[in-house]
Every structure is written in structure tokens, then in C-alpha cells.
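Each chain is listed here by its residues.
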Amino acid sequence: MKIAALIVAAGRGNRAGPGGPKQWRALAGRRVVDWTLAAFDLPEIADRLLVIHPEDRAEARLPGIRLVAGGATRSESVRLGLEALAEDGFDLVLIHDVARPCVSAQVIRAVIAALAKTPGAAPALPVSDALWTGAEGRVTGTRDREGLFRAQTPQGFHFDAILAAHRAHEGAAPDDVAVARAFGLDVAIVPGAEENLKITWPGDFARADQLLKGPGMRIGNGYDVHAFCDGDHVVLCGVKLAHGRGLKGHSDADVGMHALTDAIYGALARGDIGQHFPPSDPQWKGAESHVFLRHAIDLAAQMGLKPGNADVTLICEEPKIGPHAQAMRGALATIMGCDIDQVSVKATTSERLGFTGRQEGIAAQASVLLVPA
Ligand code: MG
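Here's what I pulled together on the structure shown here. (Residues numbered from 1 in each chain as written. Predicted model: local features only at pLDDT ≥ 70, side-chain atom pairs only at ≥ 80, totals over all residues. Heavy atoms only, no water.)

**Considering helix α6 (residues 202-213)**
Rules: Relative accessibility under 20% of the residue-type maximum defines a buried residue, over 50% an exposed one, and the middle range a partly exposed one, all with a 1.4 Å probe and only protein chains included. A run of DSSP states H or I qualifies as a helix once it reaches four residues; a run of E qualifies as a strand once it reaches two. Both are numbered from the N-terminal end. When we speak of the arc, we mean the arc of directions from the helix axis to the C-beta atoms. The contact criterion used is simple: two residues touch if any of their non-hydrogen atoms lie within 4.5 Å.
Three or more residues of α6 are buried, namely D204, F205, A208 and L212. The buried residues of α6 occupy an angular sector of 105 degrees when projected down its axis, which confines them to one face. In α6, the exposed positions that point more than 90 degrees away from the buried face belong to G203, A206, Q210 and K213. At its buried positions, α6 is contacted by β2 (26-27) and α1 (32-39). Phi for G214, located one or two positions after α6, is positive at around 70 degrees.

Here it is as C-alpha cells:
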């Protein structure tokens, strides 16, 4: 199966603000066009062809990329690109807008896979917002969103079929699916992705920039102390241990889990436990600390991060931690949704020095590394 990617980059893109055509503008350390071409640098794609505006030849000189001058309209540009590939024996072609640099290999492969059954396939997302009509700043009506999709690219086709469809097409078309359907070709819908946004307005650059840079790794540390009080048990790293005294605190006073939770908030630069779960709020009285740890993990997930590894140190003379360390690692790993090998729990005494040495309380410190999810 010989597959070509045809990237349409002939537009002038004046809605995206000043700075020249958007495909040549900088984005996350490269140009938009470089990201888009890189997305199609996949083993199953034999050739990548860029359709450019004739004035852009200097910008477009890229090693390993075929160039073709586009026409007056988008459809004309695509047809010229297809003609340039016509003699090269391609079975399939993926036609993609250069302004969608965040397209994933998953979306591209879903399109290719669907072409085993239909002559055309393209990604789309169902419309989830209510739809209105409006004029002069007022709502004038509503539209049923049932059965409506937001079309994306790449739009993939059997090569000979789409070439014939473009040769037969007259006038403008919103996209290649419209050209294909006008020619009678069946087009399958495959799942699109929100990340596969089309850079259209100035604000889209910032969103695409964030998506392409990714969150990177983040590191944090946490420290906590709880004083002993009357009681018959302590909870440390999610494990309840019988003990001659308890730990004083608003919640279950799990000092180890608090240190770890604060390490995660620290890595995210999103405050600390006290900010998210104020001790002044009665709803957290006696709360089990897994609620806090889970909240921190969920916040990390929202920011595209998951635990890489975590290391907790409990500082106390009593109780002895060693026999329970394995159970504590398991409890923390379960709450964090990771493997036990990613979590360390260890302990030290302070040689009978200081408040932990005098057994007035337990201290804990934790480090965590968060990695892209
Ligand atoms: Mg605490």
C-alpha cells in the first residue's frame, strides 16, 4: 500500500493576525509547516508533498519534501498537488491543511485504516454545543445539532478516485470530502481529536504552542509534621498502625500522605493541602487523607501529568516503620493509580535529637517527579 501525504499550504491566512501567512510563522520553537510535516513523517507514508503559494518558494525549501505551486482556490491547489503525484503509483492520499500542526499519528492511522472499506475517510467530532443563528448581536433562532459534525483533516482517499473527482469538479468546495461526495464517493467518519485544531484566529497559536510543547517533567517536595496526642493508633501512608498514642490533626493526620500530597501540589505550582482543603472548613474534619492525595493526582492529570516516581521518608523513633513499609507503598500506589515500583516509603530516626527524637511528634518529607501522561 503506497501512501502520499498532500499538505495544502498555499493560503494567505489573514484571519490569524499580522506576521505573514501562518504556515511560515513560529510555533513552539519551529514553524507551523515544520510541525505539520513532522506529523506525517510516519513509516507507512512514502512521500510528503507540500502545495505552496508561488511566492513562498524560498521559505518552503525543505529537505525531502516535494513542492508544487498551488492555484487560485484551495480545490485548485489540491488538484495541482494530485496531478503532480499522478504518475507515481500511489494507492492512497491523505490531504491535510498545513494549519493543523497538532494532528496525531492516531488520527492519521484511523483514516488510513478506514480506507480499507470505503474510498474516502475523514476525522470529525460531533457537535456538542447548542447551535444558534444570530444577527446584529441577537439570537434569532436555534438549530438542531443532531447528526452534525465538525470536519477535520487529514481527509484520506483512494488516489485514483479523488484525482478523478477533482478533475470532474467545477467551482469552489469547502473541502475534499465535498469534492468526493459530489463525485459519488462514499466517505467514512473516523474519530477526530480536539487537539487537532485548525489555527485560524490569533489565540489559536497559544493553544497549539502549549499542545506541541507538552507539559514536560515537573519535580516537587513536601514536608509535614503532626504532634502526638492521646490515642491508640496512627495512620501513616494509608496504613493504620496500633500505637500507644495517636497523631493530632484536623483530618486523619496521615503525615506521610500529607507530605506526598504537598510534593505533588508543589510540582504543579498549585499551592498546598491547606489551600485546597482549608482546616477551617468543617467538612474536612476527620477526612481520610486519600481524598487529598487523589485530588492532587487528578489535578496533575488535568495538566497532562502523571507520577513518575515518589519517595517518602518518615522521621520518628516509634512506631517502627520497616515492617509496614511494603503495605504503605502499596496503599500509596493504589491511590495514585501507579505501580508499587514507582513508590518508595522509608524511615529514619533522628538519633533521639529534636522533637522527633523526644517523641513529641512525627515528621515526613516527600519528593515526587511528575511526567507527561
Ligand atoms: Mg498535615
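**Quick look at the packing of aromatic side chains**
To describe a pair of aromatic rings, you give the distance between the ring centres and the angle between the ring planes. Inclusion rule: When two rings of Phe, Tyr or Trp (its six-membered ring) have centres within 6.5 Å they constitute a pair, described as stacked for plane angles under 30 degrees, edge-to-face for angles over 60, and tilted for the intermediate range.
The tally for this structure, following the rule as stated, stands at 4 aromatic pairs. Note on F90 and F159: the rings are 6.4 Å apart at their centroids and 40 degrees apart in plane angle, and the pair reads as tilted. Remark: F159 occurs in helix α4 (residues 159-168) and F90 occurs in the loop between α2 (74-85) and β6 (92-97); sequence separation between them is 69 residues. Considered together, F90 and F159 belong to a single accessibility category, that of buried residues. Aromatic pair F277 and F292: ring centres 4.6 Å apart, planes at 45 degrees, arrangement tilted. Placement of F277 in the loop between α8 (273-276) and α9 (290-302) and of F292 in helix α9 is noted, with a sequence separation of 15 residues between them. For F292, a relative accessible area of 3% corresponds to the buried category. In this structure an aromatic cluster arises from ring pairing among F277, W284 and F292.

**Thoughts on the packing of α9 against helix α10 (residues 325-336)**
We count it as follows: Lines are fitted to the C-alpha atoms to define the axes, a helix being fitted only along its stretch in contact, and any angle between axes, read from their N-to-C directions, falls within 0 to 180 degrees. An angle below 35 degrees is treated as roughly parallel, one above 145 as roughly antiparallel, one from 65 to 115 as roughly perpendicular, and anything else as oblique. Residue classes follow a fixed rule: Ala, Val, Leu, Ile, Met, Phe, Trp, Tyr, Cys and Pro count as nonpolar, while Asp, Glu, Lys and Arg count as charged, and any other residue, Gly among them, counts as polar.
Running from N to C, α9 and α10 cross one another at 50 degrees; their axes reach a closest spacing of 9 Å. With respect to each other, α9 and α10 are oriented oblique. Contacts between α9 and α10 involve H290, L293, R294 and I297 from the former and L332, I335 and M336 from the latter. When the residues that make up the contact of α9 with α10 are grouped by side-chain class, the tally is 5 nonpolar, 1 polar and 1 charged.

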